[in-house]
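# Chains, contacts and geometry: an overview
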Amino acid sequence: MKQLNRQNFPGPQYPTKIIQFGEGNFLRAFIDWQIDILNEKTGLNAGITVVRPIDSDFPPSLNSQDGLYTTIIRGLNEQGEAVKEARVIRSVNNEINIYRNFADYLALARDENIQLVFSNTTEAGISYNQQDQFSDAPPSSYPAKLTRLMYERFTHFNGDPDKGWTLLPCELIDYNGEKLKEMVLKYAAQWQLPPHFAQWIEQYNTFCSTLVDRIVTGYPRGEVTALEQEFGYQDSFWDTAEYFYLFVIQGPESVKQLLNLDHVAMNILVVDDIKPYKERKVAILNGAHTALVPVAYLAGMDYVGESMEDPQLREFVEQTIHQEIIPVLSLPQAELEQFAEAVINRFRNPFIKHQLLSISLNSMTKYVTRILPQLLAYHQKFHRLPVRLTFALAALIAFYRGKRHDEAIPLNDDQFWLDNYVLWWQQLEQQQISVAQLVSNVLRQQDHWQQDLNEVPGLTLQLTEQVQAILTDGMRTALLVYCKD
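Rules used throughout
- Residues numbered from 1 in each chain as written.
- Predicted model: local features only at pLDDT ≥ 70, side-chain atom pairs only at ≥ 80, totals over all residues.
- Heavy atoms only, no water.
- Helix = DSSP H or I, 4+ residues; strand = E, 2+ residues; numbered from the N terminus.
- Rg over C-alpha atoms; globule rule 2.2 N^0.38 Å.
- Buried < 20%, exposed > 50% of the residue type's maximum accessible area, 1.4 Å probe, protein only.
- Areas by Shrake-Rupley, 256 points an atom, 1.4 Å probe, with all protein chains shown as cover.
- Lys, Arg positive; Asp, Glu negative; His and termini not counted.
- Charge placed at Lys NZ, Arg CZ, Asp CG, Glu CD.
- 1 Å grid on protein atoms, 1.4 Å probe; cavity = no way out; pocket = protein on both sides within 12 Å on 5 of 7 lines; lining within 4 Å.
- Points joined across faces, edges and corners; volume = space filled by probe spheres on them.
- Nonpolar A, V, L, I, M, F, W, Y, C, P; charged D, E, K, R; others polar.
- Core = buried A, V, L, I, M, F, W, Y, C linked by side-chain atoms within 4.5 Å.
- Contact = heavy atoms within 4.5 Å.
- Pairing = 2+ DSSP bridges.
- Axes fitted to C-alpha atoms, helices over the stretch in contact; angles between N-to-C directions.
- Parallel < 35°, antiparallel > 145°, perpendicular 65-115°, else oblique.
- Left-handed = near helix turned anticlockwise from the far one by under 90°.

On to the overall build of the chain, then. Across its full length, the chain carries 21 helices and 17 strands. The C-alpha atoms of the chain give a radius of gyration of 25 Å, which matches the 23 Å a tight globule of 485 residues would have. Along the longest, intermediate and shortest principal axes, the C-alpha atoms of the chain span 75 × 55 × 40 Å. The 485 residues of the chain split such that 56% are buried. As presented, the chain carries roughly 20900 Å² of accessible surface, and 47% of it is formed by carbon and sulfur atoms. A gap of 2 Å separates the mean positions of the 41 positive and 59 negative side-chain charges of the chain.

Let us look at empty space enclosed by the protein. Taken as a whole and judged by the stated rule, the model has two cavities of 30 Å³ or more. The volume enclosed by the largest cavity comes to roughly 90 Å³. Taken together, I215, L285, H289, V304, G305, R346, F347, N349, I352 and H354 make up the full set of residues lining the largest cavity. Those elements that place two or more of their residues in the lining of the largest cavity are α9 (275-298), α10 (304-308) and α12 (333-347). In terms of residue class, the lining of the largest cavity is made up of five nonpolar, four polar and one charged.

Approximately 750 Å³ is the volume attributed to the second largest pocket. Contributing to the lining of the second largest pocket are 30 residues, with E78, Y243, F244, Y245 and N267 lying nearest its centre. Mapped onto the lining of the second largest pocket, the elements with two or more residues apiece are α2 (31-42), β4 (69-76), α9 and α12. By residue number, the principal contributor to the lining of the second largest pocket is α12, which donates seven residues. The class makeup of the residues in the lining of the second largest pocket is 15 nonpolar, six polar and nine charged.

Counting residues in each nonpolar core, the largest one holds 82 residues, and the members touching the most others are I284 and W449. In contact with W449, not counting residues within four places along its chain, are M364, Y367, V368, L372, L393, W417, V442 and L443. Formed by 37 residues, the second largest nonpolar core is a distinct cluster that contains Y69, F118, F237 and M266.

What the four strands build is an open sheet, ordered β5-β4-β13-β11; its pairing is mixed. Of all strands in the sheet, those bounded by a partner on one side alone are β5 (82-89) and β11 (216-218). Each strand of the sheet is rotated relative to its neighbour by a mean of 20°, with strand direction disregarded. Looking at chain direction, β4 and strand β13 (residues 239-242) are connected through four bridges and run parallel. Its bridge partner lying in β13, R74 is registered against E242. On the sheet, α2 packs against β4 and β5 and is oriented at approximately 80° with respect to β5.

Right, let's talk about the side chain of R404 for a bit. Residue placement: R404 occurs in strand β16 (residues 403-404). In contact with R404, other than residues within four places in its own chain, are Y297, L298, G300, M301, D302 and I409.

Time to look at the packing of helix α20 (residues 459-473) against helix α21 (residues 475-482). Axis separation between α20 and α21 bottoms out at 7 Å; the angle between their running directions is 140°. When the axis of α20 is compared with that of α21, the two are oblique. The chirality of how α20 crosses α21 is right-handed. Along its contact with α20, which presents E465, Q466, A469, I470 and D473, the element α21 presents M475, T477, A478 and Y482. Broken down by class, the residue content of the contact of α20 with α21 amounts to five nonpolar, two polar and two charged.

In the segment running from F58 into P59, the intervening peptide bond is cis, with an omega of -5°. By the element assignment, P59 lies in the loop between β3 (47-52) and β4. In this chain, A137 is followed by P138 through a cis amide linkage whose omega measures 10°. Tracing the sequence through the fold places P138 in the loop between β7 (116-119) and α4 (142-156). Positive phi, normally seen in glycine, also occurs at Q450, with a value near 65°. Among the structural elements, Q450 can be located in the loop between α19 (446-449) and α20.

Another point: the sheet that holds strand β10 (residues 209-213). Spatially, the three strands line up as an open sheet ordered β10-β14-β15, and their pairing is mixed. At either end of the open sheet lies a strand with only one pairing partner, and these are β10 and β15 (268-271). On average, each strand axis in the sheet is inclined to that of its neighbour by 15°, with strand direction left out of account. Judged from the four bridges that link them, strand β14 (residues 246-250) and β15 form a sheet pairing that is parallel. Along β15, the bridge assignment pairs Q250 with V271. Against the sheet, α9 contacts β10, β14 and β15, and its axis sits at roughly 25° relative to β10.

Considering the arrangement of structural elements, one finds H405 in the loop between β16 and β17 (407-408). Residue classification places H405 among the exposed residues on the basis of a relative accessible area of 69%. Distance from H405 to L172, taken between C-alpha atoms, is 37 Å for residues 233 residues apart in sequence.

Now for the pairing of β7. Look at any regular strand and the pattern is simple: side chains alternate between the two faces of the sheet. The two faces of β7 match: L116 and F118 on one face and V117 and S119 on the other face are all buried. Of the strand pairs in this sheet, strand β2 (residues 16-21) and β7 are connected by four bridges, and their pairing is parallel. Across the sheet, residue I19 finds its bridge partner in β7, namely V117. Summarising the sheet, β7 and strand β8 (residues 166-169) pair through four bridges and their orientation is parallel. Across the sheet, the residue bridging to S119 is P169, located in β8.

What follows is the structure, given as structure tokens:
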């Protein structure tokens with residue numbers, strides 16, 4: 001059986017115009033996949049050089065397959081139909097190991113054709129290390145590596161205003177573009193580089209903050225033999241991902257021209273302010289996940305997909321999104337409804353086995369960031385409590401009892417919450433406190449909630465009734481009573 005490479009599978013190759021820091025599954029099934037489509041459908045004609053930002057031999061270099069690999073995109077489309085789409089990605093030209101080929105790395109700065117820089121070096125990647133020196137080959141942190149590369153470009157082209165780059169970091173931190181620019185300028189100051197370099201960075205390079213969204217399930221270990229039989233070749237870099245994707249870029253209109261976005265319909269948005277899209281994702285996608293987990297798990301489910309095939313649980317999620325989350329968000333109603341439908345299809349994706357327990361990690365903190373803002377905004381706007389968002393907290397309190405029937409729940413959260421829930425539930429079982437007191441104990445933790453939630457009118461009483469119903473009647477009956485229209 002043939003190995004996937006450019007000799008065995010010839011096809012188009014594109015001149016390098018993009019540097020990408022990171023060779024991982026996410027970038028390959030997100031950025032490189034999108035660039036490949038843009039190359040095919042718009043004539044973007046942009047190849048990618050991947051820079052491996054860490055000193056590691058695993059996974060092997062993409063050079064072993066001349067940059068080629070296969071993405072398998074699968075899930076439910078806009079019509080709710082199961083789809084599976086394979087694509088041989090030809091947008092990647094080569095990979096450079098910066099620790100072994102530093103000269104080749106610096107040579108990228110002298111290539112006048114390069115216009116774009118993408119990165120995904122994990123959330124910790126955009127960080128500052130005071131030990132990094134200009135003379136290091138390379139420095140340790142990603143921003144220091146980038147500063148060294150940009151200074152090489154600045155000096156080679158004598159500060160030419162036309163040789164600046166557009167940088168689109170994909171690390172999962174708020175306003176990643178602004179943070180990256182801040183770090184580059186910090187290294188420029190630390191290394192006492194010429195003031196004109198900092199001016200060139202500020203004036204002629206565009207740092208865009210981004211929001212990225214796609215579940216990339218990566219190398220399908222249990223399916224490789226079947227995929228080889230299906231496609232007729234060997235590929236060491238199979239990369240699987242869900243059907244949905246979204247790339248939001250906070251930047252100028254010039255980014256659209258740079259990526260040829262006017263020539264094809266892609267789920268790539270160039271916007272003035274990324275904040276509403278971040279809020280939409282956190283509230284609808286992450287918030288619905290967090291609301292679903294304790295409810296579905298205590299109802300006897302183990303996976304997101306099977307939960308969404310249960311009519312009662314699916315109705316709970318849909319009503320939570322449409323009736324209690326969307327009404328307090330700022331984007332246009334049509335955009336929010338469209339995103340919500342995509343979220344429901346993502347939850348129903350039959351190709352992803354997403355365990356509820358894996359999502360339950362640090363659920364108390366997730367409730368604060370993903371659900372509480374909508375609960376409070378709803379109460380302020382409508383002068384009543386959102387019954388499903390409060391029910392999700394009641395279910396979470398019951399979940400932290402640590403039992404599903406006679407089965408122990410492996411809880412994973414801050415030790416403060418684990419210790420106190422053990423204490424409070426023991427006190428309840430020994431009739432030392434009531435359900436109302438237990439709920440009040442949870443709500444009064446001001447360091448966690450940033451306020452005493454007992455002061456929200458009616459919240460303590462409503463949660464007490466809901467927790468009591470879950471304990472007395474079970475999750476299914478409590479859902480019927482407290483989550484009806």
